[in-house]
Amino acid sequence: MTTAPVSHSTLKSKEKDEEEEEEEEKEKEEEDEEKEKVKDKETDKDDHYLANYSNLEFKQLDFVVASPKKKGWFYVMSQPNRYVYVPVNYNGEFHWVLAVVALKEWCIKVYDSMSSSRTNIKLCSEIQKLSTMLPKYLESSGFFEQKERTNWPVLETYQGKNKSHPLEVIHVIGIAQQASSSLLMRERHVRYPEYYDSTDRILDLNFYSNFKQRYDKMSKEATTVGGRSFTQLINEFEWDEDMINYVRGFRPYPGGMDWIGAKRIFAVMNLNKTHFVTLEILLHEGRLDVYDCQLMGMEHAKFLTFIQPVFELLPKLLKQSGIMKHLPDKFLSEPWEFEG
């Protein structure tokens, strides 16, 4: 059998064709990769802000947690049935409430497992800041101009509404409530009468927090150039009606009693977020006792900065209530004694 000779030019041409085919395939692969990247990038528009997006495969759990490190987290709010969950700290205490931003409903729903805290001015102020600033931020960022997924102007909620107008704040009712430390103390008071005096009064966390906040505010004001001295501020200090109502027994929870017949007042002090101590106010002795299970947890001098607001401002609270005149005059006009 004989074979036809193959010329060098034919081999070279064949090799060239193969090289061209390989080059074309390589270019095609690169082109496909580029298209895939573009496709991923386009798809990413919907999901690249969902770093904290629920992957539990339940639509009702779809959410994104607002984080200052994630720019543009608000983009998710344009998606169907998605909300932004914003934890809001309650008054610097170890208590958080959940603010759910429902942009399509133009509202913020507040979930508070200790509902009596709604009366706290600072908490209301923080939620109000969010409801006011968020619409302004979204409008200035051009968020409402993105209509490819949600045509904002046609939504019934948005018709005739200024997009910089504050979001409505709705406090959700009927949710499960947790027992506060003061509530647990009151329950023990009722359950073990042999260990507690019926004249004892047990207060909530707000009681001490208000002392600390008002005292710190005066301390800061006293450092203002040209302002009043700290002594002058203390002398002129007046408690608000909400605090005076503690002494008069008007509370938003059951069991509120006035202090007229009381001998001891128990309150919870929150130090450094997670450190709680019990404050005992001995009304007929003019003395404050503090019970701390972490005896070495804080230097004495530092602890005095936490207790000082109470023994400085408590006499004013008792006097301004108008119902504690049976106590010695010095208990209503002079700072109290303290024992740790």
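Residues numbered from 1 in each chain as written. Predicted model: local features only at pLDDT ≥ 70, side-chain atom pairs only at ≥ 80, totals over all residues. Heavy atoms only, no water.

The name that an unreviewed UniProt entry assigns to the protein is Ulp1 protease family, C-terminal catalytic domain containing protein, with the source organism given as Solanum tuberosum.

**A closer look at the overall build of the protein**
Condition: By definition, any uninterrupted DSSP run of H or I lasting at least four residues is a helix, any uninterrupted run of E lasting at least two residues is a strand, and each is numbered from the N terminus. Relative accessible area decides the class of each residue, using a 1.4 Å probe on protein chains only: under 20% of the type maximum gives buried, over 50% gives exposed, and in between gives partly exposed. Throughout, the Shrake-Rupley method with a 1.4 Å probe supplies accessible areas, and for residues the shown protein chains are the sole cover considered.
Helix and strand counts for the protein come out as seven helices and 10 strands. Evaluated residue by residue, the protein yields a buried proportion of 37% over its 340 residues. Carbon and sulfur atoms form 52% of the exposed surface of the protein, whose accessible area is close to 21300 Å².

**Quick word on the pattern of salt bridges**
What counts, and what does not: The salt bridge criterion pairs a side-chain nitrogen of Lys or Arg with a carboxyl oxygen of Asp or Glu, the two atoms within 4 Å.
Taken as a whole and assessed by the stated rule, the structure comprises 10 salt bridges. Of the charged contacts in the structure, one is a salt bridge between Glu105 and Lys109, with a shortest N-O distance of 3.2 Å. For Lys109, a relative accessible area of 22% gives the class partly exposed. Of the charged contacts in the structure, one is a salt bridge between Glu285 and Arg287, with a shortest N-O distance of 2.5 Å. Since its relative accessible area comes to 46%, Glu285 is described here as partly exposed. Residues participating in the shared-partner salt-bridge network are Asp200, Arg264 and Glu280.

**Points about the packing of helix H6 (residues 241–248) against helix H7 (residues 300–321)**
Condition: Only the contacting stretch of a helix is used when fitting its axis, a line to C-alpha atoms as for every element, and angles between N-to-C directions run 0 to 180 degrees. Here the word oblique covers every angle except those under 35 degrees (roughly parallel), over 145 (roughly antiparallel) and from 65 to 115 (roughly perpendicular). Working rule for contacts: check all heavy atoms of both residues, and any pair within 4.5 Å makes them a contact. All residues other than Ala, Val, Leu, Ile, Met, Phe, Trp, Tyr, Cys, Pro, Asp, Glu, Lys and Arg, Gly among them, are scored as polar; the first ten of these are nonpolar and the last four charged.
At their nearest, the axes of H6 and H7 sit 9 Å apart, and the two run at 75° to each other. The angle between H6 and H7 places the two elements in the roughly perpendicular class. The residues of H7 that touch H6, namely those facing Met243, Ile244, Val247 and Arg248, are Leu317, Gln320 and Ser321. When grouped by side-chain class, the residues that make up the contact of H6 with H7 number four nonpolar, two polar and one charged.

**With respect to the pairing of strand S9 (residues 287–291)**
This is how it is decided: DSSP calls a pair of strands paired once it identifies at least 2 bridges connecting them.
Across the five residues that make up S9, a large majority, four, are buried. Where strand S8 (residues 275–282) and S9 come together, five bridges link them in antiparallel fashion. Bridge pairing links Ile281 to Leu288 in S9. Between S8 and S9, which pair antiparallel in sequence order, lie four residues; one of them, Gly286, sits at a positive phi of approximately 65°.

**Comments concerning unusual backbone geometry**
Across the chain, the bulk of peptide bonds are trans and the bulk of non-glycine residues have phi less than zero. Look at Trp106: it is not a glycine, yet its phi comes out positive at around 55°. Note on placement: Trp106 falls in the loop between strand S3 (96–102) and strand S4 (107–111). According to the relative accessible area criterion, Trp106 is buried, its value standing at 3%.

**Considerations on H6**
Since the α-helix packs 3.6 residues into each turn, any two residues three or four apart lie on the same face. Applicable threshold: Polar contacts, as counted here, are pairs of nitrogen or oxygen atoms within 3.5 Å of one another; within protein the pair requires one atom able to donate a hydrogen and one able to accept it, and residues that are adjacent in sequence qualify only if both atoms are side-chain atoms.
Where H6 is concerned, the buried positions are Met243, Ile244, Asn245, Tyr246 and Val247. Lining the buried residues of H6 we find helix H4 (205–222) and H7. Sitting at the amino-terminal end of H6 is Asp240, which places a side-chain oxygen 3.2 Å from the backbone nitrogen of Asp242. Positive phi shows up at Gly249, right after H6, with a value of about 85°.

**Some details on the pairing of strand S7 (residues 264–271)**
Of all eight residues that make up S7, seven are buried, and the element is covered over most of its length. The sheet contact formed by strand S6 (residues 201–202) and S7 spans two bridges and is parallel. By the bridge assignment for S7, Arg201 is matched with Ile265. Sheet topology note: the S7/S8 ladder contains eight bridges and is antiparallel.

**Side note on H7**
Heads up, the rule is: Take the residue count of a helix, subtract one, and multiply by 1.5 Å to get its expected span.
For H7, built from 22 residues, the straight-helix expectation of 32 Å at 1.5 Å per residue is met to within 8% by its first-to-last C-alpha distance of 31 Å. Positive backbone phi, approximately 80°, marks Gly322, located one or two places after H7.

**Some remarks on the packing of aromatic side chains**
Here is the rule: Aromatic rings from Phe, Tyr and Trp, taking only the six-membered ring of Trp, are treated as a pair when their centres fall within 6.5 Å; an angle between ring planes under 30 degrees marks them as stacked, one over 60 as edge-to-face, and anything in between as tilted. When the NZ atom of lysine or the CZ atom of arginine is within 6 Å of a ring's centre and also within 35 degrees of its normal, the charge is said to sit over that ring.
Enumeration over the complete set of coordinates arrives at seven aromatic pairs. Measuring from centroid to centroid gives 5.2 Å for Tyr215 and Phe230, while their planes differ by 80°, and the two rings are edge-to-face. Separated by 15 residues along the polypeptide, Tyr215 in helix H4 and Phe230 in helix H5 (residues 230–235) bring together distant segments of the chain. Judged by relative accessible area, Tyr215 falls into the buried class, the value being 8%. Their ring planes at 90° and their centres at 4.8 Å tell us that Phe237 and Trp239 sit as a pair that is edge-to-face. Site record: aromatic cluster; members linked through ring pairs are Phe207, Phe211, Phe237, Trp239, Tyr246 and Trp259. The side chain of Lys212 reaches across the aromatic face of Phe306, ending 5.3 Å from its centre.

**Observations regarding the nonpolar core**
Here is the rule we go by: Side-chain atoms within 4.5 Å link the members of a nonpolar core, which is a set of buried Ala, Val, Leu, Ile, Met, Phe, Trp, Tyr and Cys residues.
Counting residues in hydrophobic clusters, the biggest one holds 41 residues, and the most contacted among them are Phe207, Trp259, Leu288 and Ile307. Looking at this core, the elements that each hand over two or more residues are H4, H5, H6, S7, S8, S9 and H7. Of all the elements, H7 adds the most residues to this core, at nine residues. In this structure, Val88, Trp106, Ile108 and Phe143 belong to the second largest nonpolar core, which totals 18 residues.

**Regarding the side chain of Arg287**
Tracing the backbone shows Arg287 in strand S9. Within polar-contact distance, the side chain of Arg287 engages the side chain of Asp289 at 2.9 Å.

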